[in-house]
Amino acid sequence: MGVYVHIPFCARKCHYCDFHSIVVGEADFPGLVDSYLVSLRREALYYRKLWANGPLDSLFFGGGTPTLIPPEKLAQLIAFLLAELPFTSDPEVTIEANPQSVTPQGAELLAGAGVNRVSLGAQAFQNELLTAIGRLHRAEDIGASVRSLRSAGIREINLDLMFGLPGQDLAHWRATLEAALALEPTHLSCYALILEPGTPLASWHEQGLVELPGEDEQADMYQLAREVLQGAGYEHYEISNFCLPGHRCRHNLLYWHNLPFIGLGSGATGYLGGCRYQNAPDVEGYIRSWAEGKPPYLTWEEVGRDQEMDETMMVGMRLLEGVSEAEFRRRFQVSLREVYGEAVEQLLQQGLAEEKDGRLRVTELGLFLENRVSAAFLR
Ligand code: SF4
């Protein structure tokens, strides 16, 4: 099990982003942060009562921009969570950060508080592309942050990269991959830009103001990432994720194995005791709700056995090693073929999946058509 903590604050909204985060001004921020951190502690204690047995072996701060919170306050929150919740003795503690928000002193404080993994939103190494998507950092900030994190003793570093950006071509993407490799991260995530309705980028695109690489070019970019990163010794272990051997992200593996986790914070989701919940994405409402000792659920549902099976297959097929038929049978006391015989047959015939060493997994073709693969398991 693990814990996800959502920090819904950003210095500015990126043009493509529809994550739950609010833009904070300097004047009102310190008070808001303090109230938010108090609420997170209340929520953690609430779940400790419900789920005291653990063990928890990952803690992940996502956002938003977690590193907008002053590092000394984050360090206190981490110390509180590690002390009050049933964590193992060496949990993975990850924090997402934007390159311009990492300072050498901040990195030292976070490392001292137990942060051992940082996921940096690098996205691209060309300033014109970073500007086109509304990122605040410059390409040169990325290397500077990596160096600060390394000198603070943080060895596990992920770089998030994006392809399919406005104005990006294959040469830009190759240069981004090579610049990322030169920083020797232990982990790399490569995401295709998705036009989310309601974002500035989506509306500029609709008005014809912004051109994006086409589907074929995006597929070429994905293929290039596979070639370049695998050629450099990185294992492609999940549709969008690559790592040096032995450096998979423990926390995200929980999601891909459809295992329970506690979600804390405004807009966070959690999956506990067979129930899935989502907190309302409303920072003020979240603070008010915990002041009254009530969880601020937007949705709460019991996950039945059929739904759990479907979800286990849908997320499990994102892993290149696929789903183990023996593990599926152990978990659900029924064979995967008995439940999904027809769907599996079709995927095999279409060449989107294959069976190997007791596992069902995507083929090279299935990687590019992952939506079709996961949809096959939705009953
Ligand atoms: S920093 Fe991250 S969460 Fe904040 S607006 Fe940009 S993409 Fe969204």
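Residues numbered from 1 in each chain as written. Predicted model: local features only at pLDDT ≥ 70, side-chain atom pairs only at ≥ 80, totals over all residues. Heavy atoms only, no water.

Peer 1: So what about the environment of Val33? Which residues, and what values?
Peer 2: Relative to the helices and strands, Val33 is located in helix α1 (residues 29-50). Once the C-alpha coordinates of Val33 and Phe9 are considered, the two residues, 24 residues apart in sequence, prove to be 9.1 Å apart. Those residues in contact with Val33 that lie beyond four places of it in its chain are Phe9, Ile69 and Lys73. (Helix = DSSP H or I, 4+ residues; strand = E, 2+ residues; numbered from the N terminus. Contact = heavy atoms within 4.5 Å.)

Peer 1: Account for the site of the ligand, naming residues and giving values.
Peer 2: In the neighbourhood of the ligand, the contacting residues comprise Cys10, Arg12, Lys13, Cys14, Tyr16, Cys17, Phe19, Gly63, Gly64, Thr65, Asn98 and Arg135. Taken together, the residues that form the shell around the ligand break down as five nonpolar, four polar and three charged. (Near = heavy atom within 4 Å. Nonpolar A, V, L, I, M, F, W, Y, C, P; charged D, E, K, R; others polar.)

Peer 1: So what about the nonpolar core? Which residues, and what values?
Peer 2: Among the nonpolar cores identified, the biggest contains 91 residues, and Phe9, Phe61, Leu81 and Leu159 are the most heavily contacted of them. Ranked by residue count, the leading element in this core is α1, at eight residues. Composition of this core by domain shows at least three residues from each of domain 1 (2-255) and domain 2 (322-375). Excluding residues that lie within four positions of it along the chain, Leu81 makes contacts with Val5, Ala44, Leu59, Phe61, Phe87 and Leu264. Judged by nonpolar contacts, the second largest core, of 13 residues, contains Leu129, Ala139, Met162 and Leu193. (Core = buried A, V, L, I, M, F, W, Y, C linked by side-chain atoms within 4.5 Å. Buried < 20%, exposed > 50% of the residue type's maximum accessible area, 1.4 Å probe, protein only. Domains from an automatic or database assignment.)

Peer 1: Account for unusual backbone geometry, with residues named and values stated.
Peer 2: The step from Gly63 to Gly64 runs through a cis peptide bond, and the omega angle for that step is 15°. Counting through the fold element by element, Gly64 comes out in the loop between β4 (56-63) and α2 (71-84). In this structure, Gln333 is a non-glycine residue whose phi angle is positive, near 55°. With respect to the helices and strands, Gln333 occurs in the loop between α12 (325-332) and α13 (336-349).

Peer 1: Lay out the layout of surface pockets in plain terms, naming residues and giving numbers.
Peer 2: The calculated volume of the second largest pocket comes to roughly 190 Å³. Together, 14 residues line the second largest pocket, and His257, Thr312, Val323, Glu327 and Arg331 are the ones closest to its centre. At four residues, α12 tops the list of elements feeding residues into the lining of the second largest pocket. A breakdown of the residues in the lining of the second largest pocket according to their chemical character gives five nonpolar, five polar and four charged. (1 Å grid on protein atoms, 1.4 Å probe; cavity = no way out; pocket = protein on both sides within 12 Å on 5 of 7 lines; lining within 4 Å. Points joined across faces, edges and corners; volume = space filled by probe spheres on them.)

Peer 1: Let's hear about the packing of aromatic side chains: which residues, and what values?
Peer 2: Under the definition given, this model contains 16 aromatic pairs. Ring plane angle 45° and centroid distance 5.2 Å describe the contact between Tyr277 and Tyr297, whose orientation is recorded as tilted. Note that Tyr277 is positioned in strand β13 (residues 275-279) and Tyr297 in strand β14 (residues 297-302), a separation of 20 residues in sequence. Owing to a relative accessible area of 3%, Tyr277 belongs among the buried residues under this scheme. Looking at Tyr297, the relative accessible area reads 29%, which means it is partly exposed. Measuring from centroid to centroid gives 6.2 Å for Phe328 and Tyr340, while their planes differ by 70°, and the two rings are edge-to-face. Highlighted residues: Phe328 in helix α12 and Tyr340 in helix α13, separated in sequence by twelve residues. The residues Phe328 and Tyr340 share a single accessibility class, namely buried. Joined through ring pairs, the aromatic side chains of Tyr46, Tyr47, Tyr277, Trp290 and Tyr297 make up one cluster. (Phe/Tyr/Trp six-rings, centres within 6.5 Å; stacked < 30°, edge-to-face > 60°.)

Peer 1: Could you give an account of a nonpolar patch on the surface, naming the residues involved and the relevant values?
Peer 2: Together, Leu365, Phe368 and Leu369 line one region of the surface with nonpolar side chains, adding up to about 230 Å² of accessible area. You can call Phe368 partly exposed: its relative accessible area is 34%. (Patch = residues over 30% accessible without salt bridge, like charges linked within 9 Å, V, L, I, M, F, W, Y side chains within 5 Å. Areas by Shrake-Rupley, 256 points an atom, 1.4 Å probe, with all protein chains shown as cover. Salt bridge = Lys/Arg side-chain N within 4 Å of Asp/Glu carboxyl O.)

Peer 1: Any chance you could break down helix α11 (residues 305-316) for me, citing the residues and the numbers?
Peer 2: Spacing of three or four residues puts side chains on the same side of an α-helix, whose turn is 3.6 residues. Along its twelve residues, α11 runs 16 Å from first to last C-alpha, staying within 8% of the 16 Å computed at 1.5 Å per residue. Buried residues of α11: Met309, Asp310, Glu311, Thr312, Met313 and Gly316, and no others. Buried residues along α11 sit against α9 (250-256), β13, β15 (323-324), α12, α13 and β17 (359-362). (Expected span 1.5 Å × (residues − 1).)

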